[in-house]
Amino acid sequence: MILHLTDTHFGTERAEVVRGLMGWARQHRPRLIVLSGDVTQRARPRQFGAARAFVDALCAASGIDSARDVLLLPGNHDIPLFNLPLRLLAPYGRYSRFSGAGLNPLIRRDDTWLIGVNTTRPWRHKHGEISGAQIERVAARLRAAPPGALRVVVTHQPLWVVQRQDRRDLARNHAAAARAWCAAGADLFLAGHIHQSFVAPMPCAPHRAWVVQTGTAVSTRVRVQVPNTMHVIDPHPPQTDRRATVWRWDWNGHAFARVAETAIPG
């Protein structure tokens, strides 16, 4: 199972939800974890320290390796906002010390490839962007994945949304990226940023690629009618009638409860 979390915004975390997530991990033990940006609220050292402790504890509860089995991406909140010298000279310094990895990470397993794309830009306050070089690099990685592997592209800012008011938060060049990556064989697109939660077909390839948009995992910064939430993805062998199954889990005030299931066609 792949656990998709996003927008933890450490500095605004809810302690009871963090505890609930740890209990869920001990029970269900995902084998891969994705945390797709806005790890912190204001990119401060103490917030990154809390996030590092959270990731390590979550991996210990799941029985996995935090260096090998977790894909981390920065969000726009993980770049210093008020410390202008740091934002200009070393925008990803604190994030990189937290993550211990690059900005466009890749996890390869026989049945799953997770391809991370850094859509943040230090010169932008909020909006994301995808460069031509990133489009080409990700397409090459998608084509290199072995036959039968679930190909998952992870960004912070989304490539597609369902509500009109969220369109302003789409990453720049999202349409070109989606077309190229669908053509290269992407199965799933995971994202955060808008604190919205849904699973839906990607319009550029509605019979193959799907969007998994996840809301904030543990932060107080929830949207109206979207509680703290996460998604769990179970890849299936290509011989089955499903490419994958996606489950949505929402915080109900006491624990994370499964509230929806989506079958990704084979």
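Owing to the predicted nature of the structure, the values given are computational and were not obtained by experimental measurement. (Residues numbered from 1 in each chain as written. Predicted model: local features only at pLDDT ≥ 70, side-chain atom pairs only at ≥ 80, totals over all residues. Heavy atoms only, no water.)

Points about the pairing of strand 8 (residues 198-201)
Consideration 1: Only one face of strand 8 is covered, namely the one carrying Phe198 and Ala200; the face carrying Val199 and Pro201 has none of its residues buried.
Consideration 2: In this sheet, strand 9 (residues 210-213) lies alongside strand 8 in antiparallel orientation, the contact comprising 4 bridges. From the neighbouring strand, Val199 faces strand 9, where its bridge partner is Val212. (Buried < 20%, exposed > 50% of the residue type's maximum accessible area, 1.4 Å probe, protein only. Helix = DSSP H or I, 4+ residues; strand = E, 2+ residues; numbered from the N terminus. Pairing = 2+ DSSP bridges.)

Considering the pattern of salt bridges
Consideration 1: Applying the stated criterion across every chain yields a total of 12 salt bridges.
Consideration 2: Between Asp69 and Arg109 there is a salt bridge, with its nearest N and O atoms 2.5 Å apart. Of this pair, Asp69 sits in the loop between helix 2 (45-62) and strand 3 (70-73) while Arg109 sits in the loop between strand 4 (106-108) and strand 5 (112-116), and the two are 40 residues apart along the sequence. The same class applies to Asp69 and to Arg109, which are both buried.
Consideration 3: Between Glu261 and Arg242 there is a salt bridge, with its nearest N and O atoms 3.0 Å apart. With Glu261 in strand 12 (residues 256-265) and Arg242 in strand 11 (residues 242-251), this pair connects stretches of sequence that are 19 residues apart.
Consideration 4: Looking at Arg242, the relative accessible area reads 28%, which means it is partly exposed.
Consideration 5: When salt bridges with common partners are traced through the structure, they connect Arg68, Asp69 and Arg109 into a single cluster. (Salt bridge = Lys/Arg side-chain N within 4 Å of Asp/Glu carboxyl O.)

Digging into empty space enclosed by the protein
Consideration 1: Summed over all chains, the structure comprises 2 cavities of 30 Å³ or more.
Consideration 2: Empty space within the largest cavity amounts to approximately 50 Å³.
Consideration 3: Lining the largest cavity are Thr155, Pro158, Leu159, Trp160, Phe189, Leu190, Ala191, Met202, Val211 and Gln213.
Consideration 4: Elements with a minimum of two residues in the lining of the largest cavity: strand 7 (188-191) and strand 9.
Consideration 5: At 3 residues, strand 7 tops the list of elements feeding residues into the lining of the largest cavity.
Consideration 6: Quantified by volume, the second largest cavity comes out at close to 30 Å³. (1 Å grid on protein atoms, 1.4 Å probe; cavity = no way out; pocket = protein on both sides within 12 Å on 5 of 7 lines; lining within 4 Å. Points joined across faces, edges and corners; volume = space filled by probe spheres on them.)

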